[in-house]
Amino acid sequence: MIKRSILFSSVMIFSILAISCKSKKDSIEAQKEITLVMAEVNPPETIAGRTDQAFKEKVEELSGGKIKIDLQCSGILGDNSTVRKLITQPNSTIHIARQSTAGFVALGCNKYALLSIPFTFSNREHFWRFASSETAKKLLDEPREKGLNIVGLYYGEEGFRHLFSTKRIDSIKDLAGLTMRVTNDMALQAIADNLKMNQKQVNFADLYGALSTGQVDVADQPLANYLANHFNEVAPYIILDSHQLGIMETFITTECWDALSQIQQDILREAGAYASEYCRKISQEEEDKILEQIKAAGVTVVDVADIAPWQDALSTFIAESSAGDMELYKEILSYAKK
């Protein structure tokens, strides 16, 4: 009798699961076909581009092809600032974009500023522990809370940012007097200022030309972007100072998000989690490979044996930048511990 009962229960469970799976499949098949345009400033072979592609493929797989992602890489749809302006405006022709979190600080996302404070993340594992935390979710929702036209989907990272130059840099002292390319990121401006460099704002699309013509001597990028954008051709000197982690966040416009069904939203969320984990797996491996490639290409790479002088030079900025939300900043720092 007991065996029959167990057998009956097992059959019922599997039946329920089968019905549930069929119902979900039917629900997905009932969805309308849509195409979402996704913008990426970097080439497809970069960490950012490959993570975008992983997201695209997973969305199309989970939706059975009902949701198509029209991924446009290499800045075809504009540089970061152009795309950022478009997606935060009504009726955007771009629906999804991978962006640096630092770019949204000027738009009032003050919590994001904490992620850009130099030397916040001690290593990749520190960041990924943070990225999977409740603290990270608070920041993911900040743009919508601030009234911007976007919803955060998932995090990624494209490696630590390092300084590279048209002139040889062997130590922090060699930076004094050089001109550094900056953006509206206050942290980047503080790095230039506190390391005694001059500043010049240059759009990313114009950076190669600015380096080749001597308008700027120094810029910063993760290694993957440095190589993919051929900066090694005009600025063949890198110092591995790891001053910031290149934190990425993928956004969707609020209009587009709100027009999706719950099933479609769930698919994008699941695909985002998949892409985030994919990024985590490839980032260190890709950076190690690229480091060997740029060395083989003749780039002079200098390690930083002691980061303390760099941290000391920026200590006032770090303290002032974190003072406005010290408790949240302490939370972010706490994920350095296992």
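Residues numbered from 1 in each chain as written. Predicted model: local features only at pLDDT ≥ 70, side-chain atom pairs only at ≥ 80, totals over all residues. Heavy atoms only, no water.

K.L.:
So what's going on with the nonpolar core? Residues and values would help.
P.N.:
If you look at the biggest cluster of nonpolar residues, it comprises 76 residues, and the most contacted ones within it are Phe 127, Phe 130, Tyr 155, Leu 163, Phe 164, Met 180 and Met 197. Broken down by element, this core gets its largest block of residues, seven residues, from strand β8 (residues 237-253). When sequence neighbours within four positions are dropped, the list of residues in contact with Phe 127 reads Phe 121, Tyr 155, Gly 156, Glu 157, Leu 245 and Ile 247. With 20 residues, the next largest nonpolar core counts Ile 67, Cys 73, Val 151 and Ile 267 among its residues. (Core = buried A, V, L, I, M, F, W, Y, C linked by side-chain atoms within 4.5 Å. Buried < 20%, exposed > 50% of the residue type's maximum accessible area, 1.4 Å probe, protein only. Helix = DSSP H or I, 4+ residues; strand = E, 2+ residues; numbered from the N terminus. Contact = heavy atoms within 4.5 Å.)

K.L.:
Can you break down the pattern of salt bridges residue by residue, with the values?
P.N.:
For the structure on display, the rule yields 16 salt bridges. Two residues, Arg 280 and Glu 125, come together in a salt bridge whose shortest N-O distance is 3.0 Å. On the criterion of sequence distance, the pair formed by Arg 280 in helix α12 (residues 262-296) and Glu 125 in helix α5 (residues 124-131) is long-range, its members being 155 residues apart. The class of Glu 125 is partly exposed, set by a relative accessible area of 38%. Among the salt bridges present, the one from Glu 327 reaches Lys 330, with a minimum N-O distance of 4.0 Å. Taken together, the residues Glu 327 and Lys 330, both in helix α15 (residues 326-334) and three residues apart, mark about one turn of the helix. With relative accessibility at 57%, the residue Glu 327 sits in the exposed group. Classification of Lys 330 as partly exposed rests on a relative accessible area of 45%. Residues joined by salt bridges that share partners form a network here, namely Glu 40, Arg 98 and Glu 158. (Salt bridge = Lys/Arg side-chain N within 4 Å of Asp/Glu carboxyl O.)

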